[in-house]
Amino acid sequence: MSPHRLFAVSDLHLGHAANREAIEAIRPRPDDWLILAGDVAERDEHIRLAFEHFGQKFRQLVWVPGNHELWTRPGRDAVRGEARYAHLVELCRSYGVLTPEDDYPILNLIGGPVRLVPMFLLYDYSFRPDHVALDDAVAWARESGVVCTDELLLSPKPHDSRSAWCHARVEATRARLEALDEDLPTILVNHWPLRHEFAVPPRIPRFSLWCGTVKTADWHWRYRAKAVVSGHLHMPSTRLLDDTRFEEVSFGYPKQWQGRRHDPDTALREIMAA
């Protein structure tokens, strides 16, 4: 059954006690769906907390992974990389949460039916200037004092690199999208932004290196997107490009959302209504 409305939020970072307290203020919407667009938490216990908490407040949850869910500690966590992602998918299914591995649901929203497409695409270090070679990219970012923790904690196992894993995910997702037999409009959901210009934090612009892939730059029009939902940057915004709404829906760390002086309930972004 389609929702009355579709909401989204990302980067809840429930490892922080203040964020766990904050989600109590998010009011129930029992007729609506909620997209959790990555970085719910690092630990399974906090991911379960999110599913239990929001599962009681919303009709249906939809999850895509962020980098934080995929973090593992070298020498401590036996389940890494692709196996970690598979574990999280099974965790989602135990709660009835939709994932990028499930069929893409068709929702009857404003203007007619829309296909909701949760994705897991990662990044390949291609959000960098043309003069910076791939092999030099991390060193280029480090020159400005920026290195993503993924370099230590996000294993690409069994792939040779995070870039290789990204390319495998992009091609698999592209194949699924190309195989769809209806020309329905879509809502594309991915933790990482789909376009470079939407992935450059003003204070740490070289962090863009860990924010997506140029391979998805045209996906919003190629796959008829009415909206593209992402997180990762902790910079909530709405932008319009080619008649597509790009929604960055991050909640953020305590000092970030508290600094905005917003009721936590207002962090949920309404993507579309019935």
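In what follows, the accompanying structure is described. Owing to the predicted nature of the structure, the values given are computational and were not obtained by experimental measurement. (Residues numbered from 1 in each chain as written. Predicted model: local features only at pLDDT ≥ 70, side-chain atom pairs only at ≥ 80, totals over all residues. Heavy atoms only, no water.)

### As for the pattern of salt bridges
Okay, so step 1: Throughout the structure, instances matching the rule amount to 18 salt bridges.
Okay, so step 2: Between D265 and R27 there is a salt bridge, with the nearest N and O atoms lying 3.7 Å from each other. On the criterion of sequence distance, the pair formed by D265 in the loop between α9 (254–259) and β10 (269–273) and R27 in the loop between α1 (17–22) and β2 (29–36) is long-range, its members being 238 residues apart.
Okay, so step 3: For R27, a relative accessible area of 41% translates into the label partly exposed.
Okay, so step 4: Salt-bridge contacts for R222 lead to D218; the nearest nitrogen and oxygen are separated by 2.8 Å.
Okay, so step 5: One continuous salt-bridge network, built from bridges that share partners, spans R5, D32 and E270. (Salt bridge = Lys/Arg side-chain N within 4 Å of Asp/Glu carboxyl O. Helix = DSSP H or I, 4+ residues; strand = E, 2+ residues; numbered from the N terminus. Buried < 20%, exposed > 50% of the residue type's maximum accessible area, 1.4 Å probe, protein only.)

### So, the sheet that holds β2
Okay, so step 1: Strand order in this open sheet of four strands is β3-β2-β1-β10, and the pairing throughout is mixed. Only two strands of the sheet have a single neighbouring strand rather than two, namely β3 (58–63) and β10. Direction aside, the axes of adjacent strands within the sheet are offset by 25° on average.
Okay, so step 2: Judged from the four bridges that link them, strand β1 (residues 5–9) and β2 form a sheet pairing that is parallel. Looking at β2, one finds that V9 is bridged to L36. (Pairing = 2+ DSSP bridges. Axes fitted to C-alpha atoms, helices over the stretch in contact; angles between N-to-C directions.)

### As for the side chain of Q60
Okay, so step 1: Looking at where Q60 falls in the secondary structure, it is placed in strand β3.
Okay, so step 2: On the basis of relative accessible area, Q60 is assigned to the buried category, the value being 17%.
Okay, so step 3: In this structure the side chain of Q60 is engaged in a polar contact, spanning 2.8 Å, whose partner is the backbone oxygen of G96.
Okay, so step 4: Once residues lying within four places of it in the same chain are set aside, the contact partners of Q60 are D32, W33, L34, G96, V97 and L98. (Polar contact = N/O pair within 3.5 Å; in protein donor to acceptor, adjacent residues only side chain to side chain. Contact = heavy atoms within 4.5 Å.)

### A closer look at the layout of surface pockets
Okay, so step 1: Size it by volume and the largest pocket reaches roughly 630 Å³.
Okay, so step 2: In terms of lining residues, the largest pocket is bounded by 20 residues, among which I204, L233, H234, Y253 and Q256 are the most central.
Okay, so step 3: For the lining of the largest pocket, the secondary structure elements donating two or more residues are α3 (67–70) and α9.
Okay, so step 4: For the lining of the largest pocket, the class distribution of residues is eleven nonpolar, six polar and three charged.
Okay, so step 5: Forming the boundary of the second largest pocket are G15, E42, R43, W71, T72, R73, R76, D77, V79, R84 and L153.
Okay, so step 6: Its residues placed into classes, the lining of the second largest pocket shows three nonpolar, two polar and six charged. (1 Å grid on protein atoms, 1.4 Å probe; cavity = no way out; pocket = protein on both sides within 12 Å on 5 of 7 lines; lining within 4 Å. Points joined across faces, edges and corners; volume = space filled by probe spheres on them. Nonpolar A, V, L, I, M, F, W, Y, C, P; charged D, E, K, R; others polar.)

### Topic: unusual backbone geometry
Okay, so step 1: Geometrically, the link from K157 to P158 is a cis peptide bond, its omega value of 5° lying close to zero.
Okay, so step 2: Phi is positive for R224, which is not a glycine, with a value near 60°.
Okay, so step 3: Here R224 shows up in the loop between α8 (219–222) and β7 (225–230).
Okay, so step 4: The phi dihedral of H232 falls on the positive side, at around 80°, and the residue is not glycine.
Okay, so step 5: Among the structural elements, H232 can be located in the loop between β7 and β8 (237–241).
Okay, so step 6: Taking the relative accessible area as the measure of exposure, H232 reaches 7% and is therefore buried.

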